[in-house]
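What the coordinates show
Below, each chain spelled out in residue letters.
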Amino acid sequence: QLACPLDLGCHSVRESLLRASSHYKDGSALPAEILENMLAAKNVNAGLMNRRQIFFGVFDMTIHTQRDVSTGDVWGSLRKPITMIEHTAGTNPAATFGHMMGGYDAGYYGYLWSEVFSADMFEQF
């Protein structure tokens with residue numbers, strides 16, 4: 001998924017936001033202060049989101065490379081060291097994570113890897 005320009009930080013982000021936005025009643029431009037705040041917050045939580053994707057990838061590889069595995073135990077043991085978020089005892093979030101048994105078969109890491117390819121392609125243009 002190539003989500004340019006906003007996700008890749010092209011030079012035209014400011015112009016794109018200004019062209020794509022206006023007040024719904026009077027058509028006035030996006031105020032400069034709001035625009036600056038939006039641009040400043042663009043990468044907020046990016047590190048945590050990357051850790052989340054890394055967690056899913058490691059979890060996927062772990063459960064698909066063991067014969068007998070408790071998904072709840074693996075989830076619980078990996079959660080905090082990778083995401084910095086505590087696992088809730090007595091729960092098994094993996095039971096609702098359909099990607100794990102829906103054909104990805106140890107390939108979930110591809111989500112984060114596709115962002116690398118996307119950024120590399122964008123740099124060429």
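Residues numbered from 1 in each chain as written. Predicted model: local features only at pLDDT ≥ 70, side-chain atom pairs only at ≥ 80, totals over all residues. Heavy atoms only, no water.

A word on the confidence of the model for the protein chain
For the protein chain, mean pLDDT is 83; residues scoring 70 or higher make up 87% of the total. Per-residue pLDDT stays below 50 along residues 1-6; that stretch engages in 12 contacts with residues further than four places along the chain or on separate chains. (pLDDT = per-residue confidence, 0-100. Contact = heavy atoms within 4.5 Å.)

Examining unusual backbone geometry
In the Ramachandran plot, Asn45 falls in the positive-phi region, its phi being about 70° despite a non-glycine side chain. Tracing the backbone shows Asn45 in the loop between helix 2 (32-40) and helix 3 (46-63). (Helix = DSSP H or I, 4+ residues; strand = E, 2+ residues; numbered from the N terminus.)

Description of the packing of aromatic side chains
In total, this model carries 8 aromatic pairs according to the counting rule given. Seen in terms of ring centroids, Phe59 and Trp75 are 5.0 Å apart; in terms of plane orientation they differ by 75°. Their pairing is edge-to-face. Of the two residues, Phe59 sits in helix 3 while Trp75 sits in helix 4 (residues 71-83), which places them 16 residues apart along the sequence. Judged by its relative accessible area of 0%, Phe59 is buried. Taken together through their ring pairs, the aromatic side chains of Phe55, Phe56, Phe59, Trp75 and Phe97 make up a single cluster. (Phe/Tyr/Trp six-rings, centres within 6.5 Å; stacked < 30°, edge-to-face > 60°. Buried < 20%, exposed > 50% of the residue type's maximum accessible area, 1.4 Å probe, protein only.)

Observations regarding the packing of helix 3 against helix 4
Between helix 3 and helix 4, whose axes approach to 10 Å, the crossing angle comes to 150°. Taken together, the axes of helix 3 and helix 4 are roughly antiparallel relative to one another. Seen along the crossing, helix 3 lies across helix 4 with a hand that is right-handed. Along its contact with helix 3, which presents Leu48, Arg51, Arg52, Ile54, Phe55, Phe56, Val58, Phe59, Thr62 and Ile63, the element helix 4 presents Thr71, Val74, Trp75, Leu78, Arg79, Pro81, Ile82 and Thr83. Classifying every residue of the contact of helix 3 with helix 4 by side-chain character gives 12 nonpolar, 3 polar and 3 charged. (Axes fitted to C-alpha atoms, helices over the stretch in contact; angles between N-to-C directions. Parallel < 35°, antiparallel > 145°, perpendicular 65-115°, else oblique. Left-handed = near helix turned anticlockwise from the far one by under 90°. Nonpolar A, V, L, I, M, F, W, Y, C, P; charged D, E, K, R; others polar.)

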